[in-house]
Amino acid sequence: MTAALSSLTVARPRRVERVVTGQRTSDGAGVKLTRVLTHDLQRRLDPFLMLDAFGTDNPGDYIGGFPDHPHRGFETVTYMLEGRMRHRDSAGHEGLLTPGAVQWMTAGRGVIHSEMPEQQEGRMEGFQLWLNLPGKDKMSPPWYRDIAPAEIPELRTAEGGTVRVIAGESHGVAGAVQRAVTEPLYLDLHLDPGAVFAQPLAASHNAFVYVYRGAMRIEGTEVPAQRMAILTNDAASDGVILSATADTPARALLIAGAPLAEPIVQHGPFVMNSNEEIFQAVEDFRAGRLA
Ligand code: CO
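Bear in mind the structure is a predicted one, so any value in this text is a computation, not a measurement.

1. Quick word on the environment of Ile264
Then, number 1: Residue placement: Ile264 occurs in the loop between β25 (250-257) and β26 (265-267).
Then, number 2: Between the C-alpha atoms of Ile264 and Leu41, which are 223 residues apart in sequence, the distance is 11 Å.
Then, number 3: When near neighbours in sequence (up to four residues on either side) are disregarded, Ile264 contacts Gln42, Arg43, Leu49, Asn132, Val271 and Met272.

2. Focus on the coordination of the cobalt ion
Then, number 1: At the metal site, the cobalt ion is ligated by His69 (NE2), His71 (NE2) and His113 (NE2), and these contacts range over 2.1 Å.
Then, number 2: When the donor residues of the cobalt ion are listed from N- to C-terminus, their spacing reads H-x1-H-x41-H. Of the two residues, His69 is situated in strand β6 (residues 66-71) and His113 in strand β11 (residues 111-117); the sequence distance between them amounts to 44 residues. Pair check on accessibility: His69 and His113 agree, each one buried.

3. A short note on helix α1 (residues 275-286)
Because the α-helix completes a turn every 3.6 residues, residues three or four places apart line up on one side.
Then, number 1: With 12 residues, α1 extends 17 Å between its outermost C-alpha atoms, agreeing within 8% with the 16 Å of an ideal straight helix rising 1.5 Å per residue.
Then, number 2: Within the span of α1, buried status applies to Ile278, Ala281, Val282 and Asp284. End-on view of α1: buried residues confined to an arc of 165°, all on one side of the axis. The exposed residues of α1 that point more than 90 degrees off its buried face are Glu276, Phe279 and Arg286.
Then, number 3: One or two steps after α1, the chain reaches Gly288, where phi turns positive at roughly 75°.

4. So, unusual backbone geometry
Backbone phi values are negative for most residues with the exception of glycine, while trans is the configuration of most peptide bonds.
Then, number 1: For the bond running from Asp46 to Pro47, omega is 15°, close enough to zero to count as cis.
Then, number 2: On the secondary structure map, Pro47 appears in the loop between β4 (31-37) and β5 (48-56).
Then, number 3: With a phi close to 50°, His171 is a non-glycine residue in the positive phi region.
Then, number 4: Relative to the assigned elements, His171 resides in the loop between β16 (169-170) and β17 (173-174).
Then, number 5: On the accessibility criterion, His171 (16% relative accessible area) is buried.
Then, number 6: A positive phi is found at Glu219, a non-glycine position, where the angle reads about 45°.
Then, number 7: Positionally, Glu219 belongs in the loop between β21 (215-218) and β22 (221-224).

5. Side note on the sheet that holds strand β12 (residues 124-132)
Then, number 1: Across the sheet, 7 strands lie side by side as β3-β4-β5-β12-β7-β10-β13; this open sheet has antiparallel pairing. Edge positions in the sheet fall to β3 (23-27) and β13 (143-147), since each of these pairs with one other strand and no more. Averaged over all neighbouring strand pairs, the angle between strand axes comes to 20°, with direction disregarded.
Then, number 2: Note: strand β7 (residues 74-82) against β12, 8 bridges, orientation antiparallel.

6. Some details on the packing of aromatic side chains
Aromatic ring pairs are defined here through the distance separating the ring centres and the angle between the ring planes.
Then, number 1: In the structure shown here, the tally under the stated rule is 7 aromatic pairs.
Then, number 2: Seen from their ring centres, Phe48 and Phe208 are 5.7 Å apart, and the 80° between their planes marks the pair as edge-to-face. Here Phe48 is found in strand β5, whereas its partner Phe208 is found in strand β20 (residues 206-213), with 160 residues between them in sequence.
Then, number 3: You can call Phe208 buried: its relative accessible area is 0%.
Then, number 4: Here the aromatic rings of Phe74 and Trp130 are separated by 4.4 Å at their centres, their planes lie at 35°, and the arrangement is tilted. Highlighted residues: Phe74 in strand β7 and Trp130 in strand β12, separated in sequence by 56 residues.
Then, number 5: Of the residues examined, Phe74 reaches a relative accessible area of 0% and is grouped as buried.
Then, number 6: Site record: aromatic cluster; members linked through ring pairs are Tyr79, Phe127, Tyr186, Tyr210 and Tyr212.
Then, number 7: Arg179 extends its terminal NZ or CZ atom over the ring of Trp143, reaching a point 4.8 Å from the ring centre.

7. Comments concerning the sheet that holds strand β19 (residues 196-200)
Where strands meet in a sheet, backbone hydrogen bonds hold them as pairs that are either parallel or antiparallel.
Then, number 1: Strands sit in the order β19-β24-β21-β22 across an open sheet of 4 strands; the sheet is antiparallel. Every interior strand has two partners, whereas the edge strands, β19 and β22, have only one. Strand-to-strand twist across the sheet, computed as the mean angle between neighbouring axes with direction ignored, equals 25°.
Then, number 2: Relative to strand β24 (residues 239-244), β21 is paired through 2 bridges, and the arrangement is antiparallel. Bridge assignment links Arg217 to a residue of β24, and that residue is Ser243.

8. A word on the environment of His71
Then, number 1: In this fold, His71 is placed in strand β6.
Then, number 2: We classify His71 as buried; its relative accessible area is 2%.
Then, number 3: His71 sits 63 residues away from Leu8 along the chain, and the two C-alpha atoms are 40 Å apart.
Then, number 4: His71 has contacts with Thr76, Met105, Ala107, Gly110, Val111, His113, Trp130, Pro269, Phe270 and Leu290, leaving out every residue within four places of it along the chain.
Then, number 5: Within polar-contact distance, the side chain of His71 engages the side chain of His113 at 3.1 Å.

The rules we used
- Residues numbered from 1 in each chain as written.
- Predicted model: local features only at pLDDT ≥ 70, side-chain atom pairs only at ≥ 80, totals over all residues.
- Heavy atoms only, no water.
- Helix = DSSP H or I, 4+ residues; strand = E, 2+ residues; numbered from the N terminus.
- Contact = heavy atoms within 4.5 Å.
- Donors = N, O, S within 2.8 Å, 3.2 Å for Na, K, Ca; no water.
- Buried < 20%, exposed > 50% of the residue type's maximum accessible area, 1.4 Å probe, protein only.
- Expected span 1.5 Å × (residues − 1).
- Arc of directions from axis to C-beta.
- Pairing = 2+ DSSP bridges.
- Axes fitted to C-alpha atoms, helices over the stretch in contact; angles between N-to-C directions.
- Phe/Tyr/Trp six-rings, centres within 6.5 Å; stacked < 30°, edge-to-face > 60°.
- Lys NZ or Arg CZ within 6 Å of the ring centre and 35° of its normal.
- Polar contact = N/O pair within 3.5 Å; in protein donor to acceptor, adjacent residues only side chain to side chain.

Structure follows, in structure tokens:
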């Protein structure tokens, strides 16, 4: 924990372009979730392909988990707030996600994996983000890392915020994961009531905020809990300033990255650049060549 950093370093902040309500859906073996970043926003929020938020006290909503399924062509980032999920994949990786932990998986040319709850009762809450890979890396070998809660750097600002730096960099604190090309920033912000937090952002990067507790104010727009704010891309902007409302603490994910500006062709768990590459992925999966 780094103490007392001033976070006020942004002079021309971005505004809220649009507030998005996610779509309630289910995935895997009946896991109920909210798809916050949906298919129609993939181009706008390039390089991000999907954000799912799940949170429930009812085991019936999560107990089925996500049995064996394939992925190719992108990365999945799972961040747990509550609950325990066990991961197993065809590359031989196994890990247990616990509250506060992150799992970063690069599917690359392909993995088959399962994500199953390791609890029969209690609360399950967290997020899964899909981050695209550039075409040149889509067929790279799969990679996987479990990041324990203590391995995620945190900083405390003078203005009353605690920031968990999952990826990228914030106020001189390097996150647990760094990525070339897409340069993802993934922050979990915990702001005290009335606290302000500023984060510099490259003007060309696409950025969004998902509020999951309390409410955040961004340049005059109040973003309530369970809503995503897509931030404007003004060429002259230098970052974003968020504040919690005066009476309640607020928590939000701030996510940004460099757009790839490549064709995006998705077929379920495969995300490639062309239809031909998708046909190949399906064929490779059917022929058992994905694992
Ligand atoms: Co998966």
